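Each chain is listed here by its residues.
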Amino acid sequence: MNLLGSSRCFCKKEESCIIEFMEKIKFSIVIVNYYSGLLTKACIQSVRRSCDRDDYEIFVVDNDSHDDSREILTSEVENVRVKFTGKNLGYAKAVNIALNETRGEYIILLNPDIIVLKDGINELLKFMDSHPKAGIAGGQLINPNGTIQESAFRFYQPMTILYRRTFFRHLP
């Protein structure tokens, strides 16, 4: 069994610390939910359909949604770790909360509106395992009609910015 952890504590607290050892898993899915309980549920279901592994965890951080997200995440989805923040901390802080508590060798960040296609996660893992120098990988975004969704664009040229942010934008 692979274990994560250390027998030495570096937290600099005055009192003694108890260090817990956690079983190492292949990957952790992190989803930040904000008023999107049904989408998050569909995303989780797609992860489970697409992945034939059992060495992963799903961690959802809810950024203080005041809709039916709490009920959906606590009663309609199983085997998901959920953290309710109590206030909207923003996406980055919510991700950082999850990263501090996940135990995967790899971390996969998913937005609630993502539906993972069959073998999508397996393909990402295969890529990462075969490219040990790679620090990050991203999946291909596909529109519901099967076309590729562009996820990267060229940076604006200075003239484009000038055109869009001044009176020039009103010219024909």
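Please read these numbers as outputs of a predicted model, since none were measured by experiment. (Residues numbered from 1 in each chain as written. Predicted model: local features only at pLDDT ≥ 70, side-chain atom pairs only at ≥ 80, totals over all residues. Heavy atoms only, no water.)

Student: How should I be thinking about the overall build of the protein chain in this particular structure?
Tutor: Secondary structure summary: the protein chain contains five helices and six strands in total. Going from the N terminus to the C terminus, the protein chain shows its helices and strands as β-β-β-α-β-α-β-α-β-α-α. Out of the 172 residues in the protein chain, the part that is buried amounts to 27%. Relative to all contacts within the protein chain whose residues are 6 or more apart in sequence, the contacts with residues 24 or more apart total 62%. (Helix = DSSP H or I, 4+ residues; strand = E, 2+ residues; numbered from the N terminus. Buried < 20%, exposed > 50% of the residue type's maximum accessible area, 1.4 Å probe, protein only. Contact = heavy atoms within 4.5 Å.)

Student: Help me out: how do you make sense of the packing of helix α1 (residues 37–50) against helix α2 (residues 69–76) in this one?
Tutor: Pairs of packed helices are described in terms of their axes, by the angle between the two and the distance that separates them. With their axes 8 Å apart at the nearest point, α1 and α2 run at an angle of 30° to one another. Put simply, α1 runs roughly parallel to α2. Judged by residue contacts, Gly37, Leu38, Thr40 and Lys41 of α1 engage Ser69, Ile72, Leu73 and Glu76 from α2. Broken down by class, the residue content of the contact of α1 with α2 amounts to three nonpolar, three polar and two charged. (Axes fitted to C-alpha atoms, helices over the stretch in contact; angles between N-to-C directions. Parallel < 35°, antiparallel > 145°, perpendicular 65-115°, else oblique. Nonpolar A, V, L, I, M, F, W, Y, C, P; charged D, E, K, R; others polar.)

Student: Would you mind showing me how to read a nonpolar patch on the surface here?
Tutor: Taken together, the side chains of Met159, Leu162, Tyr163, Phe167, Phe168 and Leu171 define a hydrophobic patch exposed on the protein surface, amounting to about 620 Å² of accessible area. With respect to the helices and strands, the residue Phe168 is situated in the segment after α5 (158–165). (Patch = residues over 30% accessible without salt bridge, like charges linked within 9 Å, V, L, I, M, F, W, Y side chains within 5 Å. Areas by Shrake-Rupley, 256 points an atom, 1.4 Å probe, with all protein chains shown as cover. Salt bridge = Lys/Arg side-chain N within 4 Å of Asp/Glu carboxyl O.)

Student: Hey, could you run me through the side chain of Ser65 in this one?
Tutor: Looking at where Ser65 falls in the secondary structure, it is placed in the loop between β4 (56–62) and α2. Here the side chain of Ser65 touches Tyr35 through a polar contact of 2.7 Å, landing on its backbone nitrogen. The residues contacting Ser65, other than those within four sequence positions of it, are Asn33, Tyr34 and Tyr35. (Polar contact = N/O pair within 3.5 Å; in protein donor to acceptor, adjacent residues only side chain to side chain.)

Student: How do you make sense of unusual backbone geometry when you look at a structure like this?
Tutor: Generally, phi is negative for residues other than glycine and the peptide bonds are trans, each holding for most cases. The phi dihedral of Tyr35 is positive, around 55°, even though this residue is not glycine. Position of Tyr35 among the secondary structure elements: in the loop between β3 (25–33) and α1. Note on Tyr35: relative accessible area 39%, which makes it partly exposed.

Student: I tried to follow the sheet that holds β3 on my own but got confused; where do I start?
Tutor: Overall, parallel pairing links the four strands, which are arranged β5-β4-β3-β6 in an open sheet. Edge positions in the open sheet fall to β5 (81–84) and β6 (104–110), since each of these has one partner strand only. Neighbour to neighbour, the strand axes of the sheet diverge by 20° on average, direction disregarded. (Pairing = 2+ DSSP bridges.)

Student: Would you mind showing me how to read the packing of aromatic side chains here?
Tutor: Aromatic ring pairs: the centre-centre distance and the angle between the two ring planes describe each pair. By the definition in use, this model includes two aromatic pairs. Taking 4.9 Å as the distance between ring centres and 5° as the angle between the ring planes, the aromatic pair formed by Phe27 and Tyr56 counts as stacked. Placement of Phe27 in strand β3 and of Tyr56 in strand β4 is noted, with a sequence separation of 29 residues between them. On the basis of relative accessible area, Phe27 is assigned to the buried category, the value being 0%. Lying across the ring of Phe84, Arg70 places its NZ or CZ 3.8 Å from the centre. (Phe/Tyr/Trp six-rings, centres within 6.5 Å; stacked < 30°, edge-to-face > 60°. Lys NZ or Arg CZ within 6 Å of the ring centre and 35° of its normal.)

Student: Just to check I follow, could you spell out the pairing of β4 for this structure?
Tutor: Each regular strand shows side chains that alternate between the opposite faces of the sheet. Within β4, seven of the seven residues are buried, leaving the element largely enclosed by the surrounding structure. Neither face of β4 is exposed, since Tyr56, Ile58, Val60 and Asp62 on one face and Glu57, Phe59 and Val61 on the opposite face are all buried. As judged from the seven bridges shared by β3 and β4, these two strands associate in the parallel manner. Note that in β4 the partner of Val30 across the bridge is Phe59. With α1 bridging β3 and its parallel neighbour β4, the resulting β-α-β unit is right-handed. Bridge analysis of β4 against β5 gives four bridges, and the strand direction is parallel. Bridging from a neighbouring strand, Val60 pairs with Val82 of β5. (Right-handed = clockwise from strand over helix to strand, strands pointing away.)

Student: What's the story with the nonpolar core in this structure? I'm lost.
Tutor: Soluble globular proteins tend to bury their nonpolar side chains together. Ranked by size, the top nonpolar core spans 20 residues in total, and within it Phe27, Ile29, Ile31, Val47, Ile58, Leu110 and Ile121 carry the most contacts. Residue assignment for this core shows that the elements contributing at least two residues are β3, α1, β4, β6 and α4 (120–130). Sequence-distant contacts of Ile58, defined by excluding residues within four places in its chain, comprise Ile29, Ile31, Ile44, Val47, Arg48, Val80 and Arg81. Of all hydrophobic cores here, the second largest spans seven residues; its members include Val30, Val32, Phe59 and Val95. (Core = buried A, V, L, I, M, F, W, Y, C linked by side-chain atoms within 4.5 Å.)

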